[in-house]
Structures are given as structure tokens and as C-alpha cells.
Amino acid sequence: TDPKKKAENCGAAIDFFMKISQFYAGVPIAAAEGLWEGGQLLELQAATLTEESDPKKSAQLTRAKACYAQLEKEFPSDKHVDQAKQRLQALGGM
């Protein structure tokens, strides 16, 4: 698989999951799932980046932390909340 194409696909998937959380804010199970999956993909993408890349590794990790914090705040009873709290803590919190 072409690494550039793989990176583009990952970016598109991140955008897709982030849009779910925005467009379906009134459907908690869908919005929370979008935040969780978006955060997970941001972390995966960050593992392949550096501070010289575009996007920067730190920027994607910041976005992942924001996903987890939003999930915890807006959907405190969601099935992914405990995992989101763990990931947020592992990434150094907000």
C-alpha cells in the first residue's frame, strides 16, 4: 500500500468520525462513538508523525485529548468513558 495514500485515508477517516460527533450530537450513542473512534485514529496517526510533519504529532495528540475530554464531559454514561479517561490520563490530561 502506498504510504501517502494510507495517510490520506487515515486523515479522511478522522474527519469522518469527527463529523459524526458534530452532526449527530443529539444521538448520544453515535456522537460518543464518533469521538472515541476519532480519538483512537488521531493517536494512531500521531504515532507515525514528527514535529516537522504536517500535521504535527503534538497537534494530533492534542486533538485526541480533546476528543476524550469531550466524550467524558458530554457523554458521562457512555461505554467508552472509562477508556477515554484512561487515554486522557496516559496522554497527560488536558
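Everything below is about the structure printed above this text.
What you see is a predicted model, and the numbers here were worked out from it, not measured in a lab.

Enquirer: Let's hear about the overall build of the protein chain: which residues, and what values?
Expert: Counting its secondary structure elements, the protein chain contains four helices and zero strands. Each helix (α) and strand (β) of the protein chain, taken in turn from the N terminus, gives the series α-α-α-α. Against the 2.2 N^0.38 benchmark of 12 Å for 94 residues, the protein chain shows a C-alpha radius of gyration of 13 Å, consistent with a compact globule. Taking the contacts inside the protein chain whose residues are at least 6 apart along the sequence as the reference set, 52% of them involve residues at least 24 apart. For the protein chain, the accessible surface area stands at approximately 5,900 Å², while carbon and sulfur atoms represent 55% of it. For the protein chain, the distance from the average site of its 12 positive side-chain charges to the average site of its 13 negative ones is 2 Å.

Enquirer: How would you sum up the environment of glutamine 86? Please name residues and give values.
Expert: Mapped onto the elements of the fold, glutamine 86 is located in helix α4 (residues 81-90). Distance in space between the C-alpha atoms of glutamine 86 and tyrosine 68 is 9.2 Å, their sequence separation being 18 residues.

Enquirer: Explain the nonpolar core to me, using residue names and the numbers behind them.
Expert: With 17 residues, the main nonpolar core has Ile14, Tyr68 and Leu71 as its most contacted residues. Of all the secondary-structure elements, those providing two or more residues to this core are α1 (3-23), α2 (28-46), α3 (57-74) and α4. Broken down by element, the residue count for this core peaks at six residues, all from α2. Apart from residues no more than four positions distant in its own chain, isoleucine 14 is found in contact with Leu41, Leu42, Gln45, Gln60 and Arg63.

Calculation notes
Residues numbered from 1 in each chain as written. Predicted model: local features only at pLDDT ≥ 70, side-chain atom pairs only at ≥ 80, totals over all residues. Heavy atoms only, no water. Helix = DSSP H or I, 4+ residues; strand = E, 2+ residues; numbered from the N terminus. Rg over C-alpha atoms; globule rule 2.2 N^0.38 Å. Contact = heavy atoms within 4.5 Å. Areas by Shrake-Rupley, 256 points an atom, 1.4 Å probe, with all protein chains shown as cover. Lys, Arg positive; Asp, Glu negative; His and termini not counted. Charge placed at Lys NZ, Arg CZ, Asp CG, Glu CD. Core = buried A, V, L, I, M, F, W, Y, C linked by side-chain atoms within 4.5 Å. Buried < 20%, exposed > 50% of the residue type's maximum accessible area, 1.4 Å probe, protein only.

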